[in-house]
Amino acid sequence: MSKVTVAISALSGVDKGHTITISGQLDETNVDNESKKIYELLEKEGEGAKLLFNFKDLKYMNSKSVGYLADWHGKLAKAKGNMVIVNAADNIMEVLSVVGLDSIIEVVDSMDKAKKALK
Amino acid sequence: MNISFTIPADKKEVPPVRLAVEELVVKKTADKKVAFHAAMIADELCNNAIEYGSKQAGKVRLSITTTKGHIQITCEDEGGETTVRAQELSKKLSQSPSASSIRGRGLTKIVKAFTSLVQIQNNKKGGLTITALIKH
C-alpha cells in the first residue's frame, strides 16, 4: 500500500474552516479509505463548510482521487460551502488541468490567498 | 529499452510498477515530465485492467518500449466477468464523465491527454490489450 497521510485541523479565522493536508502518494491502494475522513468531516460540518486542501507534500494523485475532489466540490457547492487547493506541485496541477478541475475549484499558490478565498 | 512486468491482478501490486516505470523512463529520457506521464498511464491502465479485466486470480502484463521519440506502454489483461469489449471501451474514450462523478477520468481524460495514440484490442483468449503511445 502506498504511503499517504491525511491530516485535518481547524483553520483559524475561517468559520467552519478546516485545513486538510495530504502528503505522499494518493492512489488506488489508499484513496477509498482516506476519503472517508473527508466525507465524515463534510457530514459533521453540514452547511457552509470550508475546506482548504494543502497539497504541499502530495507527490501523486490518481484519477479516482481527482474524482473524489470533484465529488467533494459538488457536495460543498450544494451545502453553500467552499473549497480551495493550495501548494499543488506542477505534476498535480497538470492532472487537475487535464480533467478540467482547475476551472471549477480555485487553486492558489499561498496559504494567505487560500484563506482569503474561503472567507 | 523494452521491459515488461507481470503482476497478480491485485491493486496493491501496482504502485511499485508505477514507481519503476517513472525511474526507468527518467533514466532513458532525462525528462521528468514524460516520466511522470508514463508512470501515471501505467498506473491507470493497470488499475483499469484489475478492476474490469483480470479478476479471479488473473494476471496483468505491462510492457514499456522506448524508441527514438516515442514511448509505448502496453497493458494486457486476461478478461473476467466484467470485461467490456474493445469497441465499447473505445466508444467511452470519446465521452466525458459528469462533473461530479468519481470514476471515468483515467482513460477518457488523463491517458488521452498524455498520449498521441490509444489503441484498444480484444485478446483472442479474452480480455483486452490497451496500447498508449507517448511522444517525447
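These numbers were taken from a predicted model, which means no experiment stands behind them.

Q: Lay out the pattern of salt bridges with the relevant residues and their values.
A: Residues and elements named next belong to chain A. Considering all chains together, one arrives at 10 salt bridges over all chains under this definition. Lys64 is the partner of Asp32 in a salt bridge, and the nearest nitrogen-oxygen pair spans 2.9 Å. Of the two residues, Asp32 is situated in helix α1 (residues 31-45) and Lys64 in helix α2 (residues 63-78); the sequence distance between them amounts to 32 residues. On the basis of relative accessible area, Asp32 is assigned to the partly exposed category, the value being 27%. Judged by relative accessible area, which is 7%, Lys64 ranks as buried. A salt bridge links Lys37 to Glu34, with the nearest nitrogen and oxygen atoms 2.8 Å apart.

Q: Tell me about the packing of aromatic side chains, residues and numbers included.
A: Counted according to the given criterion, the structure contains six aromatic pairs over all chains. Judged by centre distance (6.0 Å) and plane angle (70°), the ring pair of Tyr39 of chain A and Tyr68 of chain A falls under edge-to-face. Residue Tyr39 of chain A is located in helix α1, and its partner Tyr68 of chain A is located in helix α2; the two are separated by 29 residues in the primary sequence. Residue Tyr68 of chain A is classed as buried on the basis of its relative accessible area, which comes to 9%. For the pair Tyr60 of chain A and Phe36 of chain B, a centre-to-centre distance of 6.2 Å together with 65° between the ring planes defines the contact as edge-to-face. In this pair, Tyr60 of chain A sits in strand β4 (residues 58-61) while Phe36 of chain B sits in helix α2 (residues 32-53), so the two residues belong to two different chains. The buried category is assigned to Phe36 of chain B, whose relative accessible area is 4%. Ring pairing ties together the aromatic residues Tyr39, Phe53, Phe55, Tyr68 and Trp72 of chain A, which thus form one cluster. Across from the ring centre of Tyr60 of chain A, 4.0 Å away, lies the NZ or CZ of Arg18 of chain B, which sits over that ring.

Q: Any details on the environment of Tyr52 of chain B? Residues and values, ideally.
A: Residue and element names in this part refer to chain B. The topology assignment puts Tyr52 in helix α2. Judged by its relative accessible area of 36%, Tyr52 falls in the partly exposed class. The spacing of Tyr52 and Leu128 is 76 residues in sequence and 9.7 Å in space, taken between C-alpha atoms.

Q: Kindly report on the interface of chain B and chain A, identifying the contributing residues and their values.
A: The interface of chain B with chain A comprises 24 residues on the first partner and 23 residues on the second. Summing the contributions of chain B and of chain A, the shared interface buries around 2,000 Å²; its carbon and sulfur component is 63%. When the buried surface of chain B facing chain A is broken down by residue, Arg18, Phe36 and Ile102 of chain B rank first, second and third, together holding 28% of it. For the pair chain B and chain A, the interface holds two salt bridges. A salt bridge links Asp27 of chain A to Arg18 of chain B; the shortest N-O distance between them is 2.9 Å. The interface formed by chain B and chain A includes five residue pairs in polar contact (both at pLDDT 80 or more). Looking at the side of chain B that touches chain A, the elements that each hand over two or more residues are α1 (14-29), α2 and α4 (106-114) of chain B. Per element, the largest residue contribution to the side of chain B that touches chain A is eight residues, and it comes from α2 of chain B. When the residues that make up the side of chain B that touches chain A are grouped by side-chain class, the tally is nine nonpolar, five polar and 10 charged.

Q: Please set out the side chain of Thr66 of chain B residue by residue, giving values where relevant.
A: For Thr66 of chain B, the location among the structural elements is in strand β2 (residues 59-67). Ignoring any residue separated from it by four or fewer positions in sequence, one finds Thr66 of chain B in contact with Met1, Lys28 and Ile71 of chain B.

Q: Account for the packing of helix α3 (residues 90-98) of chain A against α4 of chain B, naming residues and giving values.
A: At a closest axis distance of 9 Å, the pairing of α3 of chain A and α4 of chain B adopts a crossing angle of 120°. With respect to their mutual orientation, α3 of chain A and α4 of chain B come out oblique. For α3 of chain A against α4 of chain B, the interelement crossing comes out right-handed. When α3 of chain A is examined against α4 of chain B, the residues Glu94, Val95 and Val98 of chain A are found in contact with a partner set consisting of Lys109, Ile110, Ala113 and Phe114 of chain B. In terms of residue class, the contact of α3 of chain A with α4 of chain B is made up of five nonpolar, no polar and two charged.

The rules behind each value
- Residues numbered from 1 in each chain as written.
- Chains lettered and ligands numbered in written order.
- Predicted model: local features only at pLDDT ≥ 70, side-chain atom pairs only at ≥ 80, totals over all residues.
- Heavy atoms only, no water.
- Salt bridge = Lys/Arg side-chain N within 4 Å of Asp/Glu carboxyl O.
- Helix = DSSP H or I, 4+ residues; strand = E, 2+ residues; numbered from the N terminus.
- Buried < 20%, exposed > 50% of the residue type's maximum accessible area, 1.4 Å probe, protein only.
- Phe/Tyr/Trp six-rings, centres within 6.5 Å; stacked < 30°, edge-to-face > 60°.
- Lys NZ or Arg CZ within 6 Å of the ring centre and 35° of its normal.
- Contact = heavy atoms within 4.5 Å.
- Buried area = accessible area lost by both parts, 1.4 Å probe.
- Polar contact = N/O pair within 3.5 Å; in protein donor to acceptor, adjacent residues only side chain to side chain.
- Nonpolar A, V, L, I, M, F, W, Y, C, P; charged D, E, K, R; others polar.
- Axes fitted to C-alpha atoms, helices over the stretch in contact; angles between N-to-C directions.
- Parallel < 35°, antiparallel > 145°, perpendicular 65-115°, else oblique.
- Left-handed = near helix turned anticlockwise from the far one by under 90°.

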